[in-house]
Amino acid sequence: MRLLTHNMLTCNIKGVTKGFPLSIEVQKLETKETDFNPDFLKNIFPKLEWKAFHDAALSVGLNDIPEQVDPVMLEDSEFLQKFHHALLEVHLEEGALICPETGRRFPVSKGVPNMLLHEDEV
Amino acid sequence: MKLKQLESILGDVSQFSKPKIDLEQYPTGPHIASRMVYMAETTFGDISGKVVADFGCGCGTLGIAASLLEASYVVGVDIDYQALEVAQNNMQELEVEMELVLDNIQDLSWRGPVVDTVIMNPPFGTRRKGADMEFLSAALKTATTSVYSLHKTSTREHVQRGALRDLKAKTAEVLCELRYDLPASYKFHKKREVDIAVDLWRFTI
Ligand SMILES: C[S@@+](CC[C@H](N)C(=O)[O-])C[C@H]1O[C@@H](n2cnc3c(N)ncnc32)[C@H](O)[C@@H]1O
């Protein structure tokens, strides 16, 4: 699971009002290079919850993602490289995603987050 | 990539070894899968450079096709871990990247507006009534541009009304009618039929 996926996932256990962002518990990370595509980054930028992305990057050990960004930074290739790396190249292979409201753990195994709810949670 | 080439690569994708009938696990064959994704790309530009989700991805055929046509980011969602394991092997064999999430479309835990395009072959709803429209509802809530989906031709009016009136799609259009070869286990009533008529839909948001 990469951080763009993390930026989409929420905890929607019945009754939970603030299920986003899930915090990340890391057991194993992998880095895989992918093609750098600045246009894609510019398109995705306005759709991201930046604060959640920043926090997620920190929890996978990347402290070079600024807490706040100005769209002009999207012209800065050094920034784009870091953005690209954090968003698309770091994979959480083993670990968990944790609901900010209830503390419910969603395990991540072989890179696949298990978001299935138990019967009493729906 | 040419259509023929895409179809031939999709022919190498492994499928469900023990399909779970209750989840309507029948694969989209390479002929239909390749045309579906190829049309989304060449006619509408909805694949390349986009974030694409494959709901009920099973062994990954449609998501893999999107990835081969240069989607920038593909996410497959299925309720069955065993299907996702097959999908993972397929991704490795074919050297494509795709994110996999184990989740139930009925209560999908997704924040809306990140995905551009959803492409899917949902259960027809022959085992669990309404499954088809649940998938469509989740897709229309998630995609920001368009949704491609297969539904039985016999449900065309129902799908159109549901999409436009209840699920607030902006447009709902049948792109083409296909013949779908459904395994015998799903054919309860029309025992003599070999295949069924299926519509390829495109919905916009
Ligand atoms: C008709 S198959 C299509 C498989 C694959 N997309 C393909 O095109 O070959 C439907 C898929 O939906 C999955 N499915 C059924 N109900 C589901 C649900 N409630 N949530 C998520 N996936 C589900 C099944 O496991 C199955 O893989």
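Residues numbered from 1 in each chain as written. Chains lettered and ligands numbered in written order. Predicted model: local features only at pLDDT ≥ 70, side-chain atom pairs only at ≥ 80, totals over all residues. Heavy atoms only, no water.

Points about the interface of chain B and chain A
Frequently, the measure chosen for interface size is the accessible area removed from exposure when the parts meet. Note the threshold: In what follows, residue pairs with any heavy atoms lying within 4.5 Å of each other are defined as contacts. When two parts are put together, the accessible area they lose, computed with a 1.4 Å probe and summed over both, is reported as buried area. Salt bridge criterion: a side-chain nitrogen from Lys or Arg within 4 Å of a carboxyl oxygen from Asp or Glu. In this description a helix means any DSSP run of H or I spanning at least four residues, a strand means any run of E spanning at least two, and both kinds are numbered starting from the N terminus. Residues are grouped as follows: Ala, Val, Leu, Ile, Met, Phe, Trp, Tyr, Cys and Pro are nonpolar; Asp, Glu, Lys and Arg are charged; all remaining types, including Gly, are polar.
At the interface, 27 residues of chain B touch 29 residues of chain A. Taken over both partners, the interface formed by chain B and chain A buries close to 2400 Å², and the fraction arising from carbon and sulfur atoms is 54%. Here chain B is connected to chain A by five salt bridges. Residues Lys110 of chain A and Glu85 of chain B are paired through a salt bridge, measuring 3.8 Å at the closest nitrogen-oxygen approach. Counting only elements with at least two residues in the side of chain B that touches chain A, the list comes to β2 (73-78), α4 (81-94), β3 (99-102) and β4 (115-120) of chain B. Taken together, the residues of the side of chain B that touches chain A sort by class into 14 nonpolar, six polar and seven charged.

Things to note about unusual backbone geometry
A negative phi holds for most residues other than glycine; trans holds for most peptide bonds. Of note, the amide linkage connecting Phe20 of chain A to Pro21 of chain A takes the cis form, showing an omega dihedral of -5 degrees. Locating Pro21 of chain A in the fold gives a position in the loop between α1 (3-6) and β1 (23-31). Located in the positive-phi region is Lys110 of chain A, a residue other than glycine, with phi close to 50 degrees. Tracing the chain through its elements places Lys110 of chain A in the loop between β3 (105-109) and β4 (112-113). One non-glycine residue with positive phi stands out, namely Glu70 of chain B, at about 70 degrees.

Remarks on the pattern of salt bridges
In plain terms, the rule: For every residue, the accessible area obtained with a 1.4 Å probe (protein chains only) is divided by the maximum for its type, and the residue is called buried under 20%, exposed over 50%, and partly exposed between those limits.
Counted under the stated rule, the structure contains 20 salt bridges over all chains. With a shortest N-O distance of 3.9 Å, Glu97 of chain B and Lys32 of chain A are connected by a salt bridge. Taken as a pair, Glu97 of chain B in the loop between α4 and β3 and Lys32 of chain A in the loop between β1 and α2 (38-44) lie in two separate chains rather than in one. Taking relative accessible area as the criterion, Lys32 of chain A reaches 29% and is therefore assigned partly exposed.

Remarks on the UniProt feature "domain: Methyltransferase small" (unreviewed entry) in chain B
Selection criterion: UniProt positions are given in the numbering used here, feature names are shortened, and annotations may be inferred rather than shown by experiment.
According to UniProt, the "domain: Methyltransferase small" (unreviewed entry) feature falls on residues 48-135 of chain B. Secondary structure content for residues 48-135 of chain B is 31% helix and 24% strand, and the end C-alpha separation is 23 Å.

Some points on the packing of aromatic side chains
A ring pair, where both rings are aromatic, is described by two values, the distance of the centres and the angle of the planes. Worth spelling out the cut-off: Aromatic rings from Phe, Tyr and Trp, taking only the six-membered ring of Trp, are treated as a pair when their centres fall within 6.5 Å; an angle between ring planes under 30 degrees marks them as stacked, one over 60 as edge-to-face, and anything in between as tilted. Charge-over-ring placement is defined geometrically: NZ (Lys) or CZ (Arg) within 6 Å of the ring centre, and within 35 degrees of the ring normal.
In the structure shown here, the tally under the stated rule is 12 aromatic pairs over all chains. Between Tyr26 of chain B and Phe124 of chain B, the ring centres sit 5.4 Å apart and the planes meet at 20 degrees, which makes this aromatic pair stacked. A residue pair is termed long-range when its members are at least 10 positions apart, and Tyr26 of chain B in the loop between α1 (3-10) and α2 (30-42) and Phe124 of chain B in the loop between β4 and α5 (131-142) qualify at 98 residues. Pairwise contacts between aromatic rings join Phe45, Trp50, Phe53, Phe79 and Phe83 of chain A into one cluster. The lysine or arginine in question, Arg104 of chain A, covers the ring of Phe106 of chain A, its NZ or CZ lying 4.4 Å from the ring centre. Positioned over the ring face of Phe44 of chain B is Arg202 of chain B, at 3.9 Å from the centre of the ring.

Digging into the site of the ligand
Residues and elements named next belong to chain B. How we decide: Any residue with a heavy atom lying within 4 Å of a molecule or strand is counted as near it. Definition of a polar contact: a pair of N or O atoms within 3.5 Å, with one able to donate and the other able to accept a hydrogen when the atoms are protein atoms, and with sequence-neighbouring residues admitted only if both atoms are side-chain atoms. Under the convention used here, a 1.4 Å probe and the Shrake-Rupley method define accessible areas, while residue burial counts only the protein chains that appear.
Taken together, 20 residues are adjacent to the ligand, and Thr28, Gly56, Asp78, Asn104 and Ile105 come closest. Here an oxygen atom of the ligand sits 2.8 Å away from a polar atom, N or O, in the side chain of Asp78. In the environment of the ligand, a nitrogen atom lies 2.8 Å from a nitrogen or oxygen atom belonging to the side chain of Asn104. Considering the ligand on its own, with 600 Å² of exposed area, one finds that the protein chains cover 98% of that surface. The residue makeup of the shell around the ligand, split by class, is 10 nonpolar, seven polar and three charged.

A closer look at the packing of α2 of chain B against helix α3 (residues 61-68) of chain B
All names here are of chain B. Put simply, the test is: For helices, the axis comes from a line fit to the C-alpha atoms of the stretch in contact; other axes are also lines fit to C-alpha atoms, and the angle between any two N-to-C directions lies between 0 and 180 degrees. Reported orientations rely on four angle classes, namely roughly parallel under 35 degrees, roughly antiparallel over 145, roughly perpendicular from 65 to 115, and oblique for the rest. Crossing handedness is read from the near helix: turned anticlockwise from the far helix by less than a right angle, it gives a left-handed crossing, and turned clockwise, a right-handed one.
In the contact formed by α2 and α3, the axes pass within 9 Å of each other and the chain directions differ by 45 degrees. The angle between α2 and α3 falls in the class oblique. Relative to α3, the crossing made by α2 is right-handed. Within the contact between the two elements, α2 uses Ala33, Met36 and Val37 and α3 uses Thr61, Leu62, Ala65 and Ala66. For the contact of α2 with α3, a count of residues per class yields six nonpolar, one polar and no charged.

Description of the state of the cysteines
Formally: Two cysteine sulfurs form what is called a disulfide whenever their separation falls within 2.5 Å.
The tally for this structure, following the rule as stated, stands at zero disulfides over all chains. Cys99 of chain A supplies the cysteine sulfur nearest to Cys11 of chain A, a cysteine that is in no disulfide, at a spacing of 3.5 Å. Note on Cys11 of chain A: relative accessible area 4%, which makes it buried. Here Cys57 of chain B is not disulfide-linked; the sulfur of Cys59 of chain B is the nearest cysteine sulfur, at 8.2 Å. By relative accessible area, Cys57 of chain B is classed as buried at 6%.

Observations concerning the sheet that holds strand β1 (residues 51-55) of chain B
Residue and element names in this part refer to chain B. Selection rule: Whether two strands pair comes down to DSSP finding at least two bridges between them.
Within the open sheet, the seven strands sit side by side as β3-β2-β1-β4-β5-β7-β6. Their pairing is mixed. Each having just a single partner strand, β3 and β6 (171-180) make up the two edges of the open sheet. Ignoring strand direction, the axes of neighbouring strands in this sheet form an average angle of 20 degrees. In the sheet, β2 pairs with β3 via four bridges, with the strands oriented parallel. Looking at the pairing, Gly76 lines up with Leu100 of β3.

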